[in-house]
Protein chains: 2
Amino acid sequence: MFDYPAGHRRASHKTSTANIQRSSPKKKAATRYGSRGISLEERINNSNQYYLAQNIAVIHKKPTPVQVVKVDYPRRSAAKIVEAYYRHASTTDYNGVYQGKYIDFEVKETKNKTSFPLANIPEHQIAHMQNCYNQGGYVFLIISFSSHDKVFLLPFAQLRKHLDHHQQQSLTYEFIEENGFECPQVIFPMIDYLEALENYIDTQMMGGCSR
Amino acid sequence: MFDYPAGHRRASHKTSTANIQRSSPKKKAATRYGSRGISLEERINNSNQYYLAQNIAVIHKKPTPVQVVKVDYPRRSAAKIVEAYYRHASTTDYNGVYQGKYIDFEVKETKNKTSFPLANIPEHQIAHMQNCYNQGGYVFLIISFSSHDKVFLLPFAQLRKHLDHHQQQSLTYEFIEENGFECPQVIFPMIDYLEALENYIDTQMMGGCSR
């Protein structure tokens, strides 16, 4: 666990992040360089640890579902699984709570420079996201374009709109840039997707919609 | 999957359940009898399926976390896990969204007639529930007293109060009866814990508190 800077609520979190950016540009640059070897999933998990430690949000990755077929008990204390298979997740990978609200998202990465292939998101995940959206949760994709070193939060409502009106089996980079919200990549947290979510919520509020 | 009766929102769900109870008492009795062989977890999962099918809530059990040590690839299509171990869950087993709100709970059963031993709830689960509660989620235990054939929803706030003021390592049945909310056991859903949650929310509203 990192020794995170002090802070308590979302407002002070913003301030503390800003302070870090101003006061230690060298450290920031070093961390950005160092993050190149860290997977997107690790960076999101790391961000969730930060949000948790700062009391900003409680968001966890769900365990990968495994179908256990055979278990041995070589010692009384330790059950050893000796035959099991990965199963397809019926939901998205991440969910949790942020200021009382339900948060649900899937994290995807592409090396493609111009588009994000929708084949990356199975039909049952879309159905799950739709259900959570219908229940009033904040539902989105986090899409990383590694070639651009950019990470976007794409609200489910935008994805839904595309699916309803277009035949293409991919989202263009321009579409995501226009309809998504860029996630700042800083030190704490490494990918500040809740900042992007706040920006999305702000635009919704201005439009007279709560989500 | 059951062929659930029609309905769309919480209000109509209540109505439809009431209708079933009135119109088919025989079916209800048969189901109650039949549920004796069904585990508590299965009945909760079954209730979640009902809530999902009726668009009442989206609540899932998280997969059991497994530490995979060795994987074989006997065929290209199927990865076979040949060494793995169960890990302790860092969170509770169930979470999801109900009317935009985050829901988080743990399900426990006891054969004890007079009390529920707190040793059933590890420290890290209490910490997780506290974090979710602090974020404004609805957090609770579902405790089944199989000897009484009763299931209660105990709000985390009540559990917290007990932990803060008492040394006993168990909750008495009377404490849970007084501070908890009984979950109706009907056909659809088998354990209507959202009805109990609604009753809890109602008392909170009357007390001028939102949770």
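Per-chain numbering applies: the sequence of each chain, read as written, is numbered from 1 onward. By the order in which they are written, chains take letters starting at A while ligands take numbers starting at 1. For this predicted model, a pLDDT threshold of at least 70 governs which residues receive local features, and a threshold of 80 or more governs which side-chain atom pairs are given and counted, while totals over whole chains, interfaces and linings are taken from all residues. Computation of side-chain values: all heavy atoms of the structure, hydrogens and water removed.

### Digging into the overall build of chain A
As a reminder, the rule being used: For helices the rule is a DSSP run of H or I covering at least 4 residues; for strands it is a run of E covering at least 2, with both sets numbered from the N terminus onward. Each residue's exposure class comes from its accessible area (1.4 Å probe, protein chains only) as a fraction of the maximum for that residue type: buried when under 20%, exposed when over 50%, partly exposed otherwise. Only heavy atoms matter for contacts: two residues are in contact if any of them lie within 4.5 Å across the pair. Using the Shrake-Rupley algorithm and a 1.4 Å probe, accessible areas are obtained, with residue cover drawn only from the displayed protein chains.
Helices and strands together make up the secondary structure of chain A, namely seven helices and ten strands. Within chain A, the fraction of its 211 residues that count as buried is 47%. Summarising the internal contacts of chain A: among those between residues at least 6 apart in sequence, 65% fall at separations of at least 24. As displayed, chain A offers around 10700 Å² of accessible surface, 49% of which is attributable to carbon and sulfur atoms.

### A word on the pairing of strand β7 (residues 138-145) of chain A
All names here are of chain A. In plain terms, the rule: Two strands form a pair only when DSSP identifies at least two bridges running between them.
Among the eight residues in β7, eight count as buried, and that is most of the element. The pairing of strand β5 (residues 101-110) with β7 spans eight bridges and is parallel. Looking at β7, one finds that Ile103 is bridged to Tyr138. Examined bridge by bridge, β7 and strand β8 (residues 150-155) share six bridges and lie antiparallel to one another. The residue of β8 that forms the bridge with Ile142 is Leu153.

### A few points about the packing of helix α4 (residues 123-134) of chain A against helix α5 (residues 156-165) of chain A
For any two helices packed against each other, the geometry is given by the interaxial angle and the distance between the axes. Residues and elements named next belong to chain A. For the record, the criterion: Between N-to-C directions, angles span 0 to 180 degrees; the directions come from axes that are lines fitted to C-alpha atoms, helices contributing only their stretch in contact. Should an angle fall under 35 degrees it is taken as roughly parallel, and over 145 as roughly antiparallel, whereas 65 to 115 is taken as roughly perpendicular and any remaining angle as oblique. Left-handed describes a crossing whose near helix is turned anticlockwise from the far helix through less than a right angle; right-handed describes the clockwise counterpart. Under the scheme applied, nonpolar residues are Ala, Val, Leu, Ile, Met, Phe, Trp, Tyr, Cys and Pro; charged residues are Asp, Glu, Lys and Arg; polar residues are all the others, including Gly.
The N-to-C vectors of α4 and α5 enclose an angle of 125°; their axes lie 11 Å apart at closest approach. Taken as axis vectors, α4 and α5 run oblique relative to one another. Along this stretch, α4 crosses α5, giving a crossing that reads as left-handed. Across the interface between the two elements, Ile126, Met129, Gln130 and Tyr133 from α4 touch Phe156, Ala157, Leu159, Arg160 and Leu163 from α5. Of the residues contributing to the contact of α4 with α5, the split by class is seven nonpolar, one polar and one charged.

### Comments concerning the relation of the copies chain B and chain A
We count it as follows: The copies were overlaid by least squares, fitting only the C-alpha atoms of residues that reach a pLDDT of 70 or more in each copy.
Between the two copies, chain B and chain A, the superposition gives an RMSD of 0.0 Å; the rotation angle is 180° and the shift along the axis is 0.0 Å. Interpreted geometrically, this transformation is the action of a two-fold axis.

### What to know about the environment of B:Gly137
Along the chain, B:Gly137 turns up in the loop between α4 (123-134) and β7 (138-145). In sequence terms B:Gly137 and B:Tyr102 are 35 residues apart; their C-alpha atoms lie 4.8 Å from each other.

### Quick word on the sheet that holds strand β3 (residues 78-86) of chain A
Judged by pairing direction, the sheet is antiparallel, and its four strands sit side by side in the order β2(A)-β3(A)-β3(B)-β2(B) without closing on themselves. Strands at the two margins of the open sheet, each flanked by one partner only, are β2 (66-75) of chain A together with β2 (66-75) of chain B. In this sheet, neighbouring strand axes are inclined to one another by 25° on average, regardless of whether the strands run parallel or antiparallel. Across seven bridges, the pairing between β2(B) and strand β3 (residues 78-86) of chain B is antiparallel. Residue pairing across strands places B:Val66 opposite B:Tyr86, the latter belonging to β3(B).

In short, geometric facts, not functional conclusions.
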